[in-house]
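# Notes for the structure review
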Amino acid sequence: MEFGVGYFPTHDGIGPGALARLVEGRGQDAVFFAEHTHIPASRESPYPGGGPLPRKYWHCYDLFVALTAAACATTRLRVGSGICLVVERDPIVTAKEVASVDHLSGGRLEFGVGAGWNREEMRHHGTDPRTRMALLAERVQAMKELWTAEEASYHGKYVSFDRVWSYPKPVQRPHPPVLVGGDGPTVFDRVLGFGDGWLPNYRGEHTVARVRELRDRAGRHVEVQMISVPADARVLATLHDAGVRRATHWLPSGPRSAVERGLDRWESAIADFTGA
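The structure reproduced in this document is the subject of the present report. Note that the structure is a prediction, hence the values are computed from the model and not measured.

## Observations concerning the layout of surface pockets
- Considered as a void within the structure, the largest pocket measures approximately 930 Å³ in volume.
- What lines the largest pocket is a set of 37 residues, among which Pro-48, Ile-83, Trp-117, Asn-201 and Arg-203 lie closest to the centre.
- Of all the secondary-structure elements, those providing two or more residues to the lining of the largest pocket are strand 3 (78-85), helix 4 (119-124) and helix 5 (132-148).
- Grouping the amino acids of the lining of the largest pocket by side-chain chemistry returns 19 nonpolar, eleven polar and seven charged.

## Considering the packing of helix 3 (residues 91-104) against helix 5
- Running from N to C, helix 3 and helix 5 point in directions that differ by 55 degrees, and their axes come no closer than 9 Å. The orientation of helix 3 with respect to helix 5, classified from their angle, is oblique. Between helix 3 and helix 5 lies a crossing of right-handed hand. Counting all contacts with helix 3, which are made through Pro-91, Ile-92, Thr-94, Ala-95, Val-98 and Ala-99, the residues of helix 5 involved are Arg-139, Met-143, Leu-146 and Trp-147.
- The class makeup of the residues in the contact of helix 3 with helix 5 is eight nonpolar, one polar and one charged.

## Regarding the sheet that holds strand 3
- The eight strands lie next to each other as 1-2-3-4-7-8-9-10, forming a closed barrel whose pairing is parallel. Looking at each pair of strands side by side, their axes are set apart by 25 degrees on average, direction ignored.
- Strand direction decides the pairing type here: strand 1 (residues 2-7) and strand 10 (residues 246-250), joined by five bridges, are parallel. Within strand 10, the position partnered with Phe-3 by the bridge is Ala-247.
- On top of the sheet, helix 7 (residues 205-218) reaches strand 8 (197-199) and strand 9 (223-226); it is set at about 165 degrees to strand 9, its chief contact.
- Packed on one face of the sheet, helix 9 (residues 256-274) meets strand 1 and strand 10 and runs near 160 degrees to strand 1.

## Re the side chain of Arg-246
- As for its position among the elements, Arg-246 is in strand 10.
- Looking at Arg-246, the relative accessible area reads 0%, which means it is buried.
- Engagement of the side chain of Arg-246 in a polar contact is seen with the side chain of Glu-2, the distance being 2.7 Å.
- Of the polar contacts made by the side chain of Arg-246, one reaches the side chain of Glu-110; its length is 2.9 Å.
- The residues contacting Arg-246, other than those within four sequence positions of it, are Met-1, Glu-2, Phe-3, Gly-4, Asp-29, Ala-30, Phe-32, Arg-78, Glu-110, Val-224, Gln-225 and Met-226.

## Overview of unusual backbone geometry
- Following Gly-82, the chain continues to Ile-83 via a peptide bond in cis, the omega torsion being 5 degrees.
- Mapped onto the fold, Ile-83 is located in strand 3.
- Across the junction of Arg-173 and Pro-174, the peptide omega takes the value 0 degrees, indicating a cis bond.
- By the element assignment, Pro-174 lies in the loop between strand 6 (160-164) and strand 7 (178-181).
- The residue Arg-163 is not glycine, and still its phi comes out positive at about 40 degrees.

The rules behind these values
- Residues numbered from 1 in each chain as written.
- Predicted model: local features only at pLDDT ≥ 70, side-chain atom pairs only at ≥ 80, totals over all residues.
- Heavy atoms only, no water.
- 1 Å grid on protein atoms, 1.4 Å probe; cavity = no way out; pocket = protein on both sides within 12 Å on 5 of 7 lines; lining within 4 Å.
- Points joined across faces, edges and corners; volume = space filled by probe spheres on them.
- Helix = DSSP H or I, 4+ residues; strand = E, 2+ residues; numbered from the N terminus.
- Nonpolar A, V, L, I, M, F, W, Y, C, P; charged D, E, K, R; others polar.
- Axes fitted to C-alpha atoms, helices over the stretch in contact; angles between N-to-C directions.
- Parallel < 35°, antiparallel > 145°, perpendicular 65-115°, else oblique.
- Left-handed = near helix turned anticlockwise from the far one by under 90°.
- Contact = heavy atoms within 4.5 Å.
- Pairing = 2+ DSSP bridges.
- Buried < 20%, exposed > 50% of the residue type's maximum accessible area, 1.4 Å probe, protein only.
- Polar contact = N/O pair within 3.5 Å; in protein donor to acceptor, adjacent residues only side chain to side chain.

Here's what the structure looks like:
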């Protein structure tokens, strides 16, 4: 099993490039950055974690700027979106950004996608929350056409374009892995419909049990990565036994000293699990 870290790349914390160098130097396999374009000040949508929304949610760098900084600062570390809010992004522009980062990194991008939870944020981007999942599917499918076809066309209910050229193409073939976030009742439809794997938040034994459920439904092995994993060797052992490919732990956003303390705790749990 591989190990990674997640991070909200805030402008007042350690920068994404410095963070990526740090975690690569300490043996992590991947870094995933969160995304929010903004947070509506009305705060109508409740924070899924409960309580007040942490300020890091509205202090992040742009996702693809942060990913570029991380990719340019490292040589082997996988860099990923955890997650990219595709329903808030133009698919042609986003396809170009994904391909550009993958090209510049030598094929190290992992593309975590989802619809998000903040309904006011979606509406500010012109997205109707009631149709967000159908929109997500079409935008991902359209991006796949842009990544793989020399002359791409796509026609759906929400996305439509005729005969376009879009370069560079991604280094990874046919494209960077599309990891579908979320753990709601219909998430497997999306994973099996347009994903290359599942990237849920760890929410205890329930999430682990659903790994087998997903593979039973698919009738084949489906890659699963788990994010929001606690620094706990017992949890890591459970994920390993379930065939999870990579466990990813959120680090605190802030100065290098705070990040290093969080990384120390994560590494200690990994060492307890591996016996190293």
